[in-house]
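What follows is the residue order along each chain.
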Amino acid sequence: MKNMAFLEKNDSKKQYTRRELYDLVADNSNEYTYNSFNWDLKRLIADGVIFRHSRNSYKIGNANRKNYNPEYSERAEAIIAFMEKNYSDTEFSLFETSMLNEFLNHQIAKNTIFLYVEKELSDFVFRDMSELWTENILLNPKKNDLSKYWKTDTIIIINRISEAPHGKESRYDTPLEKLFVDLIADVALMNMYSKSEYPEMLRIANDKYYIDTKKLFRYARRRGKSKEIQKIMTDGGMEI
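Described in the following lines is the structure provided in the data block. (Residues numbered from 1 in each chain as written. Predicted model: local features only at pLDDT ≥ 70, side-chain atom pairs only at ≥ 80, totals over all residues. Heavy atoms only, no water.)

**Here's the deal with helix H10 (residues 226-235)**
Considered for burial, the residues of H10 that qualify are Ser 226, Ile 229, Ile 232 and Met 233. What you see down the axis of H10 is that its buried residues fit within an arc of 130°, all on one side. Structural note: H10 exposes Lys 227, Lys 231, Thr 234 and Asp 235 on the side pointing more than 90 degrees away from its buried face. Packed against the buried residues of H10 are helix H6 (176-182), helix H8 (198-208) and helix H9 (213-222). (Buried < 20%, exposed > 50% of the residue type's maximum accessible area, 1.4 Å probe, protein only. Helix = DSSP H or I, 4+ residues; strand = E, 2+ residues; numbered from the N terminus. Arc of directions from axis to C-beta. Contact = heavy atoms within 4.5 Å.)

This is the structure we're talking about:
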């Protein structure tokens, strides 16, 4: 792949079409075909040099912005291993509330693990995990259930919404585009933080990591939260 370092000198806020990006690159090379650029574009996106903003819309990466790759606790890793061994064909994703701490002013001290599983299999996963784990496990809890049964290190199993965004490194990762919709859509997750902190959390996440706007709002529409997120962004003067 040719050296693309010069791209970082261009406006990181401007949006480019694929053709415009190619023209920008081609101006710096006499012999560089559009087909070659299409191959290079995949690596540029993976390396964070270029970010996909929406359909046929790209931005040149900010050196301070990167892809979001969550890190898991040992307990979460054990759950992932359990799912991959016993439900290898199942779509699932996992999230820990401790992961929110890098975006929060008021830190979460008591971790909770959220496991999103296909609706048809959530009962079976709950049954099998309850036989193996001594930790408290809840299945699609209501607000009253949380007040009665939630405690530190609880595992909460929730029905996964179809067509929910996947992680980039691993399909079970919870990408930010999914997280920031779930944070205002799932009753159980909403009880884990102060909603007043949501706008600042979103701003911090957007400053630090790349967020795919198209993916975010597609999932938000599916959960009936697109207008709420758009208002939060507008009120906070955020441009994603």
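Structure's up, so let's keep going.
**Some details on the pattern of salt bridges**
Oppositely charged side chains are able to pair whenever their charged atoms sit close together. Counting across every chain of the model gives eleven salt bridges. Here Asp 182 makes a salt bridge to Arg 223, at a shortest N to O gap of 2.9 Å. Taken together, the residues Asp 182 in helix H6 and Arg 223 in the loop between H9 and H10 connect sequence positions 41 residues apart. By relative accessible area, Asp 182 is classed as buried at 1%. Residue class for Arg 223 comes out partly exposed when judged on its relative accessible area of 21%. The residue Lys 195 makes a salt bridge to Glu 228 at a minimum N-O spacing of 2.8 Å. With Lys 195 in the loop between helix H7 (187-190) and H8 and Glu 228 in helix H10, this pair connects stretches of sequence that are 33 residues apart. By relative accessible area, Lys 195 is classed as partly exposed at 39%. Here Glu 228 falls in the partly exposed class, since its relative accessible area comes to 25%. Each of Lys 178, Asp 182, Asp 186 and Arg 223 takes part in a single network of salt bridges with overlapping partners. (Salt bridge = Lys/Arg side-chain N within 4 Å of Asp/Glu carboxyl O.)

**Looking at the packing of aromatic side chains**
Evaluation of the coordinates by the stated rule reveals eleven aromatic pairs. Centre to centre, the rings of Tyr 22 and Phe 37 are 5.9 Å apart; their planes meet at 55°, and the pair counts as tilted. Within this pair, whereas Tyr 22 is found in helix H1 (residues 18-26), its partner Phe 37 is found in helix H2 (residues 34-46), the two being separated by 15 residues in sequence. Residue Tyr 22 is classed as buried on the basis of its relative accessible area of 12%. (Phe/Tyr/Trp six-rings, centres within 6.5 Å; stacked < 30°, edge-to-face > 60°.)

**Considering the nonpolar core**
Counting 58 residues, the largest nonpolar core has Leu 115, Met 129 and Phe 180 as its most contacted members. Apart from residues lying up to four places away in sequence, Leu 115 is in contact with Ile 79, Met 83, Phe 92, Ser 93, Leu 94, Val 125, Met 129, Ile 156, Ile 157 and Ile 158. One finds Tyr 16, Tyr 22, Leu 24 and Leu 41 within the second-largest nonpolar core, a separate group that totals 15 residues. (Core = buried A, V, L, I, M, F, W, Y, C linked by side-chain atoms within 4.5 Å.)

**Considerations on the sheet that holds strand E5 (residues 137-139)**
One open sheet holds the four strands; their spatial order is E3-E4-E6-E5, and the pairing between them is mixed. Two strands close off the open sheet at either side, each with one partner strand: strand E3 (92-96) and E5. Adjacent strand axes in the sheet meet at a mean angle of 20° when their direction is disregarded. Bridging between E5 and strand E6 (residues 155-160) involves three bridges; their strand directions are parallel. Bridging across to E6, Leu 138 finds its partner in Ile 156. Running at roughly 175° to E3, helix H3 (residues 74-86) makes contact with E3, strand E4 (113-118) and E6 of the sheet. In the packing of helix H4 (residues 122-132) onto the sheet, contacts are made with E4, E5 and E6, and the angle to E5 comes to roughly 165°. (Pairing = 2+ DSSP bridges. Axes fitted to C-alpha atoms, helices over the stretch in contact; angles between N-to-C directions.)

**Examining the side chain of Lys 178**
Looking at the element boundaries, Lys 178 is found in helix H6. Look past the residues within four positions of Lys 178 in its chain and what remains in contact with it is Ser 93, Tyr 116, Ala 164, Pro 165 and Tyr 219.

**So, the packing of H9 against H10**
The interhelical angle for the contact between H9 and H10, taken along N-to-C directions, is 135°, at an axis separation of 7 Å. Put simply, H9 runs oblique to H10. For the pair H9 and H10, contact is made by Leu 216, Phe 217, Ala 220 and Arg 221 and by Ser 226, Ile 229, Gln 230 and Met 233, respectively. Of the residues that constitute the contact of H9 with H10, the class distribution is five nonpolar, two polar and one charged. (Parallel < 35°, antiparallel > 145°, perpendicular 65-115°, else oblique. Nonpolar A, V, L, I, M, F, W, Y, C, P; charged D, E, K, R; others polar.)

Nothing here speaks to function; it is all geometry.
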